[in-house]
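Per-entry structural report
Okay, here's what each chain looks like letter by letter:
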Amino acid sequence: MSAFASLPLDPLRIVLDAGAGTLTPEGPLLTRRMSDMTGAFADTAAWRQAQAAGDPVVYTVASSPVPEENRELPQSITTIYPGDCGGELYMTKGHQHPDAQGEIYLGLSGVGGLLMFDGERSHWIDMAPGVIGYIPPGWAHRSVNVGAEPYRFLAVYPGCAGHDYDWVLRNGMGRRAMRAADGYELVPFGSSS
Ligand code: S6P
Ligand code: ZN
């Protein structure tokens, strides 16, 4: 009798195309537009205006078929487009893992930041191709595009981790990444200038 509640997948060969941002074979593809970013950007007037002006795609997440189930190890490629909303750089919604599990990100193309927050301390890692960002258990995480090209990274995480988006809406992320003359500037979460 199997020791597993559900049987693991068979071994799988997955091809990562960093240029296209795809994993083959493919799993689900998520597209996050401005209208999906409720409560994320500090400047709500700019956020509403962006929705009215075409509701642009902020980021996509392409996954392999490995499911988000206990004991599995899913992977995904996130592509964050360049841009800002009221000066705040395009970013992911950000989440906490309800089952406190670690995760790794590997930069594939473009330049970005990995912002983490444990409820008291925030930590920023500059991301670029070849850089691994390690997210320890208990740290909420959000990714930001700080460049002029799409920023793309691979994520690998335990399938049991889950995604708690409300945690970020309740607790914030400690800091915000704003566009600045020489790239980006990190400001306290409650401020947008
Ligand atoms: C999953 C991992 C990533 C994010 C993706 C989008 O644990 O951290 O695949 O899901 O970068 O971010 P978010 O905050 O919208 O899920
Ligand atoms: Zn995560």
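Definitions and cut-offs
- Residues numbered from 1 in each chain as written.
- Chains lettered and ligands numbered in written order.
- Predicted model: local features only at pLDDT ≥ 70, side-chain atom pairs only at ≥ 80, totals over all residues.
- Heavy atoms only, no water.
- Buried < 20%, exposed > 50% of the residue type's maximum accessible area, 1.4 Å probe, protein only.
- Helix = DSSP H or I, 4+ residues; strand = E, 2+ residues; numbered from the N terminus.
- Arc of directions from axis to C-beta.
- Contact = heavy atoms within 4.5 Å.
- Polar contact = N/O pair within 3.5 Å; in protein donor to acceptor, adjacent residues only side chain to side chain.
- Core = buried A, V, L, I, M, F, W, Y, C linked by side-chain atoms within 4.5 Å.
- Donors = N, O, S within 2.8 Å, 3.2 Å for Na, K, Ca; no water.
- Pairing = 2+ DSSP bridges.
- Axes fitted to C-alpha atoms, helices over the stretch in contact; angles between N-to-C directions.

Among the residues of helix α1 (residues 44–52), those classed as buried are A46, W47 and A50. Burial along α1 is one-sided: seen end-on, the buried residues are contained in an arc of 105°. Exposed positions of α1 whose direction lies more than 90 degrees from the buried face are A45, R48, Q49 and A52. Buried-residue contacts for α1 involve β6 (84–85). Of the residues flanking the start of α1, the one acting as N-cap is D43, its side-chain oxygen 3.2 Å from the backbone nitrogen of A45. Note on α1: the residue one or two positions beyond its end, G54, has a positive phi of about 105°.

Here we take up the nonpolar core. Judged by nonpolar contacts, the single largest core of 36 residues is most densely connected at M34, M37, F41, Y105, L114 and V144. Mapped onto this core, the elements with two or more residues apiece are α1, β4 (57–63), β9 (112–117), β10 (122–127), β12 (140–145), β13 (151–156) and α2 (166–171). Ranked by the residues each element gives to this core, the list is headed by β9, at 4 residues. If we skip the residues at most four places from it in the chain, M37 touches W47, V58, Y59, M91, T92 and K93.

Right, let's talk about the coordination of the zinc ion (ligand 2) for a bit. For the zinc ion (ligand 2), the full set of protein donor atoms is H95 (NE2), H97 (NE2), E103 (OE) and H141 (NE2), and the range of their distances to it is 2.1 to 2.2 Å. Of note, the zinc ion (ligand 2) draws all its donor residues from one chain, in the sequence arrangement H-x1-H-x5-E-x37-H.

Here the focus is the sheet that holds β9. Here we have 3 strands laid out as an open sheet, ordered β10-β9-β12, and antiparallel in their pairing. Bordering the open sheet on either side are β10 and β12, each of which pairs with just one other strand. Direction aside, neighbouring strands of the sheet carry axes that sit 20° apart on average. Bridge analysis of β9 against β10 gives 6 bridges, and the strand direction is antiparallel. Note on β10: the bridge partner recorded for L114 is I125.

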